[in-house]
Structure formats: structure tokens, C-alpha cells
Amino acid sequence: MEELRKKAAELLQSGEVQMVIGYEEGTRHPRPCFISSADDTAKLIYDDRCTGNLAVYLTHKELIGGQKIAITASYFALRSILRLLTEHQIQLDKLVVLTVSAEREVIQFATTDDITAYLQTAPVPAREDDKALIEKLNAMSREERWEFWSAELSKCFKCYACRAACPMCYCTKCIVEENRPQWIQPWASTLANIEWHINRAMHMTGRCADCGACGAACPLGLPIHLLSHQIVQEVTDNFALDVNQAVSGDNALSTFKPEDKENFIR
Ligand code: SF4
Ligand code: SF4
């Protein structure tokens, strides 16, 4: 922790960055903090409880402005940073990307290849609760899964906390707010909720970091992150997409190759 605080203070004091985004102790859990003065770096923490995906703030122009930012990125936030770079939403020369390894060593990444190399060797943080539910879902028939998700999604009251927590939900106007034409019914009902969540999961295709932040943000505890988790599995298995790499132009839903299998057309 001291090493991280020292690094953050150095970056701010030298003027290399104007803000450090990291975690501080919250009331019950660690929460994000935005530090602009070296004097405040003493409150920085980083441990296994720091699971919120801080990359979500990197596209908040009202927060970032033209500043150069340092971020303490978790394993999954590193994946999101690679994706945001791929989608040209952030620039690496305006960013200092830090992480704390399992050995408690502070690492500063110079290139996207360095981030990829780290992600490929670092242990993927385990989410034991998810494991049990994923196994349960995988053991269900298609009809049982539909029943499960219909029941879960019917509870959603469309607060959009899941959207706000996701680094990849950066559109200035979300499809749910479009009303000319209105693609998705704005009220909360089983059908309208399923429309929203299927749209959201589809929009995450090849983009989701599998961080679980959307599910963690849901005040009702709906396991919606497992919808996007399934999409990650599908694109990994069928499109050989590596979520640990930033490859320009590599978008599962907008890339066409003549040799693509078309066995999904029936
Ligand atoms: S969809 Fe959920 S799991 Fe995927 S990147 Fe967004 S917040 Fe993380
Ligand atoms: S956070 Fe939960 S209740 Fe709110 S829109 Fe997302 S799924 Fe629905």
C-alpha cells in the first residue's frame, strides 16, 4: 500500500498526472477516490476487496477534462482499458496505468502489449458465487434458462445502475433513451425488461471485460453480469477473441471475413 501511495504522490508532485483514480476505504466497502493533491494519497488502498471497475471513469469527460490521469486498475479494469483504447475512447499518452500484483508490487505499464502480457500470466480473480450459478445455468435446458431469466429480469425496475457501472456503456445517448424510433419500451415490465437486457448483452459482444461490475451495482442483486459473461464465452469460443488483447478493428459484431462460418443461418 505504501508503495502505491508513494508512486501516486510522485506522479502528482512531478506534474506527470493531474489526478489519480484509485480506491479508498468506504463505509462498508472500498469506494472510488479521485485525488488531485499529493497530500491526499495517504488514503489510497488496494486489496482484494477493490473489485469495482474504475475504468468506467475514464470516459467521463466532465471528470477528466483534458487532464492526464493515473489509474489503479484491477485485473478486469485492465481488460476494459485495452478495450477502450481499441475503441478509441481513451488515449494511452493521457494515461498512467498502474496495478498492484498478487505479490503486492506496484506495476506501471508502458504499452498495451505490457498490459496483455500481465493479464496472460496474472491469476484471474476468482468469483466463487458466480461459479455455482454458472454451473446451475449451464445444467438447465433452454426452456428452464428462459424461465430463470424471465423471472429474474421481470424484477428489474430500470434504474440503470448496471449501465452506469460499466466502462463499455459510454454512449452519450443510450438505445433505451431513443424515442424516434423507440426501440425499447421505457417502462418496467417483463417484456420491456427482457428487451433492455438482451440489447445490453448484445451490445457487450466482444467488448465485455467480464468484470461483474454491472451485477454488483444492481440494487436488486440480479445476476445480469452472467448474461454478458455468457456472451464472453460465446465470442471466445466462436470468434477466437482474446479479451486480454487490444487489437484495432477487432470487433466481433462489425468484422466480416469471407471464410466466416455461416452455420448460424438456418
Ligand atoms: S457488461 Fe458488466 S461484466 Fe461486462 S464490462 Fe460491463 S460491467 Fe463489466
Ligand atoms: S441495476 Fe438492476 S434494477 Fe437497475 S436497470 Fe440494471 S438490472 Fe435493472
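This is a predicted model, so every value here is computed, not measured.

Explain the sheet that holds strand β4 (residues 95-100) here, please?
In sheet architecture, strand pairing relies on hydrogen bonds along the backbone and comes in two forms, parallel and antiparallel. If you walk across this open sheet you meet the 5 strands as β2-β1-β3-β4-β5, and the pairing is mixed. The open sheet has two edge strands, β2 (31-35) and β5 (106-109), and neither has a second partner. Taken over all neighbouring pairs, the strand axes of this sheet differ in orientation by 25° on average, direction set aside. Here 3 bridges tie strand β1 (residues 19-24) to strand β3 (residues 69-72), and the two strands are oriented parallel to one another. Bridge pairing links Met 19 to Ile 69 in β3. Contacting β4 and β5, helix α4 (residues 112-121) runs over the sheet at an angle of about 140° to β5.

I keep staring at helix α6 (residues 142-153) and nothing clicks. Help me out?
Every α-helical turn comprises 3.6 residues, leaving residues that sit three or four positions apart pointing alike. When the terminal C-alpha atoms of α6 are compared, their 16 Å separation across 12 residues agrees well with the 16 Å that a helix rising 1.5 Å per residue should span. For α6, every residue scored as buried is listed here: Phe 148, Trp 149, Ser 150, Glu 152 and Leu 153.

Can you walk me through the environment of Lys 94 in this structure?
By the secondary structure assignment, Lys 94 is in the loop between α3 (75-86) and β4. C-alpha separation for the pair Lys 94 and Val 17, spaced 77 residues apart in sequence, amounts to 8.4 Å. Among residues more than four places away in sequence, those in contact with Lys 94 are Gly 66, Gln 67, Lys 68 and Ile 69.

Looking at this model, I keep getting lost on the nonpolar core. Mind explaining?
Within the largest apolar cluster, 57 residues are counted, with the highest numbers of intra-cluster contacts made by Val 20, Ile 21, Leu 58, Leu 78, Ile 81, Leu 95 and Val 97. No other element matches α3, which puts 8 residues into this core. Non-local contacts of Val 20, meaning those with residues more than four positions away in its chain, are made with Ala 8, Leu 12, Cys 33, Phe 34, Ile 35, Leu 44 and Ala 70. Formed by 19 residues, the second largest nonpolar core is a distinct cluster that contains Trp 149, Leu 153, Val 176 and Leu 222.

Please clarify how the site of ligand 2 should be interpreted in this entry.
Looking at ligand 2, there are 14 residues lining it, with Cys 156, Cys 159, Tyr 160, Cys 162 and Cys 218 nearest. Its residues assigned to classes, the shell around ligand 2 shows 12 nonpolar, 1 polar and 1 charged.

How do you make sense of the domain arrangement of the chain when you look at a structure like this?
Put simply, an interface is often sized by how much accessible area is lost when its parts join up. Along its sequence, the chain is carved into domain 1 (1-121) and domain 2 (128-239). For domain 1 versus domain 2, the distance between C-alpha centres works out to 26 Å. In this assembly, domain 1 and domain 2 are joined by 1 salt bridge. A salt bridge links Glu 87 to Arg 207, with the nearest nitrogen and oxygen atoms 2.8 Å apart. Joining domain 1 to domain 2, the criterion identifies 4 residue pairs in polar contact (both at pLDDT 80 or more). In terms of residue class, the side of domain 1 that touches domain 2 is built from 4 nonpolar, 4 polar and 3 charged.

Mind showing me how you'd approach the side chain of Thr 72 here?
Residue placement: Thr 72 occurs in strand β3. Excluding residues within four positions of it along the chain, Thr 72 makes contact with Leu 4, Ile 21, Gly 22, Tyr 23, Tyr 46, Leu 54 and Leu 98.

What am I meant to see in the site of ligand 1 here?
Taken together, Cys 166, Arg 200, Met 204, Cys 208, Ala 209, Asp 210, Cys 211, Gly 212, Ala 213, Cys 214 and Ser 228 make up the full set of residues near ligand 1. Classifying every residue of the shell around ligand 1 gives 7 nonpolar, 2 polar and 2 charged.

Where do I start with the packing of aromatic side chains in this structure?
Think of a pair of aromatic rings as described by two things: how far the centres are apart, and how the planes are tilted against each other in angle. Applying the stated rule across the entire model yields 6 aromatic pairs. Considering the side-chain rings of Phe 148 and Trp 149, the 5.1 Å spacing of their centres and the 85° angle between planes classify their relative orientation as edge-to-face. You can call Phe 148 buried: its relative accessible area is 16%. With 4.9 Å between their ring centres and 85° between their planes, Tyr 160 and Trp 196 make a pair best called edge-to-face. Here Tyr 160 is found in the loop between α6 and α7 (161-165), whereas its partner Trp 196 is found in helix α8 (residues 190-203), with 36 residues between them in sequence. For Trp 196, a relative accessible area of 2% gives the class buried. Lying over the aromatic face of Phe 76, Arg 127 brings its terminal NZ or CZ to 5.3 Å of the ring centre. The positively charged end of Arg 163 is found above the aromatic ring belonging to Tyr 160, 4.5 Å away from the centroid.

What am I meant to see in unusual backbone geometry here?
For residues that are not glycine, phi is negative in most cases, and the peptide bond is trans in most cases. For the bond running from Arg 180 to Pro 181, omega is 0°, close enough to zero to count as cis. Within the secondary structure, Pro 181 is located in the loop between α7 and α8. Its identity is not glycine, yet Tyr 160 carries a phi of approximately 65°, on the positive side. Of note in the backbone geometry, Asp 210 takes a positive phi value of approximately 65° without being a glycine. Classification of Asp 210 by relative accessible area gives buried; the value is 11%.

Thresholds applied
Residues numbered from 1 in each chain as written. Chains lettered and ligands numbered in written order. Predicted model: local features only at pLDDT ≥ 70, side-chain atom pairs only at ≥ 80, totals over all residues. Heavy atoms only, no water. Pairing = 2+ DSSP bridges. Helix = DSSP H or I, 4+ residues; strand = E, 2+ residues; numbered from the N terminus. Axes fitted to C-alpha atoms, helices over the stretch in contact; angles between N-to-C directions. Contact = heavy atoms within 4.5 Å. Expected span 1.5 Å × (residues − 1). Buried < 20%, exposed > 50% of the residue type's maximum accessible area, 1.4 Å probe, protein only. Core = buried A, V, L, I, M, F, W, Y, C linked by side-chain atoms within 4.5 Å. Near = heavy atom within 4 Å. Nonpolar A, V, L, I, M, F, W, Y, C, P; charged D, E, K, R; others polar. Domains from an automatic or database assignment. Salt bridge = Lys/Arg side-chain N within 4 Å of Asp/Glu carboxyl O. Polar contact = N/O pair within 3.5 Å; in protein donor to acceptor, adjacent residues only side chain to side chain. Phe/Tyr/Trp six-rings, centres within 6.5 Å; stacked < 30°, edge-to-face > 60°. Lys NZ or Arg CZ within 6 Å of the ring centre and 35° of its normal.

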